Amino acid sequence: IRRCSCFPKDVTVFDKDNKSEPIRVLVTGAAGQIAYSLLYSIGNGSVFGKDQPIILVLLDITPMMGVLDGVLMELQDCALPLLTDVIATDKEEVAFKDLDVAILVGSMPRREGMERKDLLKANVKIFKSQGAALDKYAKKSVKVIVVGNPANTNCLTASKSAPSIPKENFSCLTRLDHNRAKAQIALKLGVTANDVKNVIIWGNHSSTQYPDVNHAKVKLQGKEVGVYEALKDDSWLKGEFVTTVQQRGAAVIKARKLSSAMSAAKAICDHVRDIWFGTPEGEFVSMGVISDGNSYGVPDDLLYSFPVVIKNKTWKFVEGLPINDFSREKMDLTAKELTEEKETAFEFLSSA
Amino acid sequence: MLFCLMNELNETTAHQWIYKSEPIRVLVTGAAGQIAYSLLYSIGNGSVFGKDQPIILVLLDITPMMGVLDGVLMELQDCALPLLTDVIATDKEEVAFKDLDVAILVGSMPRREGMERKDLLKANVKIFKSQGAALDKYAKKSVKVIVVGNPANTNCLTASKSAPSIPKENFSCLTRLDHNRAKAQIALKLGVTANDVKNVIIWGNHSSTQYPDVNHAKVKLQGKEVGVYEALKDDSWLKGEFVTTVQQRGAAVIKARKLSSAMSAAKAICDHVRDIWFGTPEGEFVSMGVISDGNSYGVPDDLLYSFPVVIKNKTWKFVEGLPINDFSREKMDLTAKELTEEKETAFEFLSSA
């Protein structure tokens, strides 16, 4: 363990004006790109609030401990008053202990020549182990957010491996796709992305995701209008809009030569903040969650992205949205992919 | 290549917003690079210029980086930042420097293996002479210029000399990172948070001759404010290891990360710019590289040297009258000497650049 404590003496912590006990927040893949864009926003209070002190736990693989040390130095140099302590480790029993929040960014990346099967197998191993560690060491109330791809299947694997933690505590990130969908609509209509709400990302965080704006609204000249109505371009909304959002990640990688860490970090902050503080009245967001009990014809026991509202740190499906034929087909396609992914992954689950 | 993305607003839509202010034009150079990547989001989300200040963000980099810059633009769109009225990516100075309110000059020529210090200075004089001239020609006369790209002090002086119609006082260079690092080291040693430490000073050059001085620094211990030397009772550490740790922190981070300290640099830039914009808190001063003219600390005039300053109404003033002991005097003179030499070497190239 490398421990670089801002407050080594317990007594100093409680001299602070902060009213709350610190929460323990883990970020895995902590030496990587996405974490580098994320950690500062966690530490400066913009996720859990300006009064919430944080014990930040950083986990990565042993070869990355030197790099992680550098990240630790930088966090110290950022002088963030809410960071009660920062702990860097390569040990699961340290990383997962007493957690309130676990943001699982680290996963096995796809290498050239790697088959999808191999990728799933490698990641099942990681997330089975981390799920078991959550089960063993974390608080039962822990909120687990999976970012590392394949996010949906990794999330389901972790959940299955942590049977004593409620399935509802597990979610995966589709907020980046959700934010990208908002941005595309906003660009097309010449408004700011925050004037667009209630887009939906259905399904898998992959190229079969279905960005659906049938229920989205946009603020135009002070009035709220349905997006389909405002745009009057159904073929764009069913065609280019969908593919642009689906392929945005690849477009950013092609341009930057690196993945979209900045916008991913922003989406993670949005996702976690909404879990913590709830969604605004009249608005819903997209999250990959366990499909059990959904009323949209998606098979149970999948980790599938749905529109949800959140209150008291608890999410609920948005119910009763009409689904047209076009949407039905797309939603089924992505469910099919997730079912296949799950079956492939779970071949390995027992042997992992 | 010019990209004008984001909102294609007509005038009416813009004025329907509740924002009370006109947008300010903020340039970041080296915009496709590491430090900018850690910085742009913080600028865009209101944490530098305030939650009510809309921004036209201008991103400049060299032509080969336009593809990468396009990717950065896409990400800024995907971040859905309501304060970003417009984001403009360009490789042209006449576009980048037009009507600027703020210029954050992050881009510079990095040191390559085998490069002599002379070569580095020569390459950077060329860049900052051109950018200074562009500021002079295109930017508002009220523009605030913050130089980050190294060698920051000399690059800043070069730009200022090349922009004679812009007040010298509008130019500053970043020593806030060193300042924050000094606070962090004191805090770690005393077991407090870095924000309980104030009034550290970084004197001189943003280089290994910088002098981190805590003779006038204060720390909050059990609710009371105490001098740092008094609180620590370890003069030899404060004059020895503390100084070298802060001086070499940048190298230590690079050694560990294999990349430079973008996250903490971006945070320091935000602090520096925010303090220019909103002023320094009562009773506190910060460190900034500024023109040394008129200082009362025996530093030669016409150097771009880091001093303790207070800021009000977007205008900085030297903190006057701090007693300087012999140890400090020697260190302050050493870094002034290095800056003088750097300036002389750089200015050999200024006329030919």
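Criteria and cut-off values
- Residues numbered from 1 in each chain as written.
- Chains lettered and ligands numbered in written order.
- Predicted model: local features only at pLDDT ≥ 70, side-chain atom pairs only at ≥ 80, totals over all residues.
- Heavy atoms only, no water.
- UniProt positions renumbered as here; feature names shortened; annotations may be inferred.
- Helix = DSSP H or I, 4+ residues; strand = E, 2+ residues; numbered from the N terminus.
- Rg over C-alpha atoms; globule rule 2.2 N^0.38 Å.
- Buried < 20%, exposed > 50% of the residue type's maximum accessible area, 1.4 Å probe, protein only.
- Contact = heavy atoms within 4.5 Å.
- Areas by Shrake-Rupley, 256 points an atom, 1.4 Å probe, with all protein chains shown as cover.
- Lys, Arg positive; Asp, Glu negative; His and termini not counted.
- Charge placed at Lys NZ, Arg CZ, Asp CG, Glu CD.
- Pairing = 2+ DSSP bridges.
- Phe/Tyr/Trp six-rings, centres within 6.5 Å; stacked < 30°, edge-to-face > 60°.
- Buried area = accessible area lost by both parts, 1.4 Å probe.
- Salt bridge = Lys/Arg side-chain N within 4 Å of Asp/Glu carboxyl O.
- Polar contact = N/O pair within 3.5 Å; in protein donor to acceptor, adjacent residues only side chain to side chain.
- Nonpolar A, V, L, I, M, F, W, Y, C, P; charged D, E, K, R; others polar.
- Expected span 1.5 Å × (residues − 1).
- Right-handed = clockwise from strand over helix to strand, strands pointing away.
- Axes fitted to C-alpha atoms, helices over the stretch in contact; angles between N-to-C directions.

Where an unreviewed UniProt entry is consulted, chain A appears under the name Malate dehydrogenase, with the organism given as Theropithecus gelada. The annotation that UniProt attaches to chain A under Sequence similarities (unreviewed entry) is "Belongs to the LDH/MDH superfamily. MDH type 2 family."

Trainee: I keep staring at the overall build of chain B and nothing clicks. Help me out?
Mentor: Of the regular secondary structure elements, chain B holds 12 helices and 15 strands. The C-alpha atoms of chain B give a radius of gyration of 20 Å, which matches the 20 Å a tight globule of 353 residues would have. Viewed in the frame of its principal axes, chain B has a C-alpha envelope of about 60 × 50 × 40 Å. Buried positions account for 60% of the 353 residues belonging to chain B. Restricting to contacts in chain B with at least 6 residues of sequence separation, those with at least 24 account for 73%. Here chain B displays about 14,200 Å² of accessible surface, and carbon together with sulfur accounts for 53% of that area. Charge separation in chain B, taken as the distance between the mean sites of 41 positive and 43 negative side-chain charges, equals 2 Å.

Trainee: Explain the UniProt feature "domain: Lactate/malate dehydrogenase C-terminal" (unreviewed entry) in chain A here, please?
Mentor: Residues annotated in UniProt with the feature "domain: Lactate/malate dehydrogenase C-terminal" (unreviewed entry) correspond here to residues 174–348 of chain A. For the annotated span residues 174–348 of chain A, helix accounts for 47% and strand for 20% of the residues, and the straight-line distance between the end C-alpha atoms is 25 Å.

Trainee: When you look at the pairing of strand E11 (residues 217–220) of chain A in this model, what are you seeing that I'm missing?
Mentor: Each regular strand shows side chains that alternate between the opposite faces of the sheet. Pairing of strand E8 (residues 196–197) of chain A with E11 of chain A, which is carried by 2 bridges, proceeds in the antiparallel orientation. Bridge assignment links Lys 197 of chain A to a residue of E11 of chain A, and that residue is Lys 217 of chain A.

Trainee: Looking at this model, I keep getting lost on the packing of aromatic side chains. Mind explaining?
Mentor: The geometry of an aromatic ring pair is captured by the separation of the ring centres together with the interplanar angle, meaning the angle of the planes. All names here are of chain A. Enumeration according to the criterion identifies 16 aromatic pairs over all chains in this entry. Taking 5.5 Å as the distance between ring centres and 40° as the angle between the ring planes, the aromatic pair formed by Trp 236 and Phe 241 counts as tilted. For the pair formed by Trp 236 and Phe 241, the shared burial category is buried. With a centroid separation of 4.7 Å and 70° between ring planes, the pair formed by Phe 306 and Phe 317 is classed as edge-to-face. Placement of the pair is Phe 306 in strand E14 (residues 303–311) and Phe 317 in strand E15 (residues 314–317), with a sequence separation of 11 residues. You can call Phe 317 buried: its relative accessible area is 12%. Linked through ring pairs, Trp 202, Tyr 296, Tyr 304, Phe 306, Trp 315 and Phe 317 together constitute an aromatic cluster.

Trainee: How should I be thinking about the interface of chain B and chain A in this particular structure?
Mentor: You'll often see interface size given as the accessible area lost when the parts meet. Taken residue by residue, the interface counts 47 residues in chain B and 46 residues in chain A. Between chain B and chain A the total buried area reaches about 4,200 Å² when both faces are included, carbon and sulfur atoms providing 59% of it. One salt bridge connects Arg 257 of chain B with Glu 74 of chain A, and the closest N-O pair in it is separated by 3.6 Å. Scanning the region where chain B abuts chain A turns up 22 residue pairs in polar contact (both at pLDDT 80 or more). Residue assignment for the side of chain B that touches chain A shows that the elements contributing at least two residues are helix H1 (11–16), helix H2 (34–44), helix H3 (66–78), helix H7 (176–190), helix H10 (241–257) and helix H11 (262–278) of chain B. The element best represented in the side of chain B that touches chain A is H3 of chain B, accounting for 10 residues. Among the residues forming the side of chain B that touches chain A, the class breakdown is 23 nonpolar, 15 polar and 9 charged.

Trainee: What am I meant to see in helix H5 (residues 116–137) of chain A here?
Mentor: Along an α-helix, residues three or four positions apart point the same way, because every turn accommodates 3.6 residues. The end-to-end C-alpha separation of H5 of chain A is 31 Å, in line with the 32 Å expected for 22 residues at 1.5 Å each. Among the residues making up H5 of chain A, those that are buried are Leu 119, Leu 120, Ala 122, Asn 123, Val 124, Phe 127, Gln 130, Gly 131, Ala 133 and Leu 134 of chain A.

Trainee: I keep staring at unusual backbone geometry and nothing clicks. Help me out?
Mentor: Across residues other than glycine, the phi torsion is negative in most instances, and most of the peptide bonds are trans. Residue and element names in this part refer to chain A. With an omega of 0°, the peptide bond between Asn 149 and Pro 150 qualifies as cis. Relative to the helices and strands, Pro 150 is located in the loop between strand E6 (143–146) and helix H6 (151–160). The backbone of Lys 257 shows a phi angle near 70°, a positive value even though the residue is not glycine. Relative to the elements of secondary structure, Lys 257 occurs in the loop between helix H10 (240–256) and helix H11 (261–277).

Trainee: Looking at this structure, how should I read the pairing of strand E6 (residues 144–147) of chain B?
Mentor: Residues and elements named next belong to chain B. Neither face of E6 is left uncovered, since the one carrying Lys 144 and Ile 146 and the one carrying Val 145 and Val 147 both have all their residues buried. Relative to E6, strand E5 (residues 102–105) runs parallel, the two being bridged by 4 bridges. When the sheet's bridge partners are listed, Ala 103 is paired in E6 with Val 145. Taken together, E5, helix H5 (residues 117–138) and E6 form a β-α-β motif whose crossover is right-handed. The parallel pair E6 and strand E7 (residues 171–173) is bridged by helix H6 (residues 152–161), and the resulting crossover is right-handed.

Trainee: Help me understand the sheet that holds E8 of chain A in this model?
Mentor: The strands making up a sheet associate through hydrogen bonds between their backbones, and the pairing can be parallel or antiparallel. All names here are of chain A. Sheet architecture is open: 3 strands sit in the order E8-E11-E12, paired in antiparallel fashion. Unpaired on one side and paired on the other, E8 and strand E12 (223–226) mark the two borders of the sheet. The pairing of E11 with E12 spans 4 bridges and is antiparallel. Note that in E12 the partner of Lys 219 across the bridge is Glu 224.

Trainee: What is the right way to read the side chain of Ser 306 of chain B from this model?
Mentor: Residues and elements named next belong to chain B. Tracing the chain through its elements places Ser 306 in strand E14 (residues 304–312). Exposure remark for Ser 306: the relative accessible area of 0% places this residue in the buried category. Here the side chain of Ser 306 touches Ile 202 through a polar contact of 2.7 Å, landing on its backbone oxygen. If we ignore the near neighbours within four places in the chain, the residues touching Ser 306 are Asn 153, Thr 175, Ile 202, Trp 203, Gly 204, Ser 287, Met 288 and Gly 289.

Trainee: Explanation requested: the packing of H10 of chain A against H3 of chain B in the structure shown.
Mentor: What describes two packed helices is the angle between their axes and the distance between those same axes. Relative to each other, H10 of chain A and H3 of chain B sit at 145°, their axes nearing to 7 Å. Contacts from Arg 248, Ala 251, Val 252, Ala 255 and Arg 256 of chain A in H10 of chain A reach Gly 67, Val 68, Asp 70, Gly 71, Val 72, Met 74, Glu 75, Gln 77 and Asp 78 of chain B in H3 of chain B. Considering only residue class, the contact of H10 of chain A with H3 of chain B consists of 6 nonpolar, 3 polar and 5 charged.

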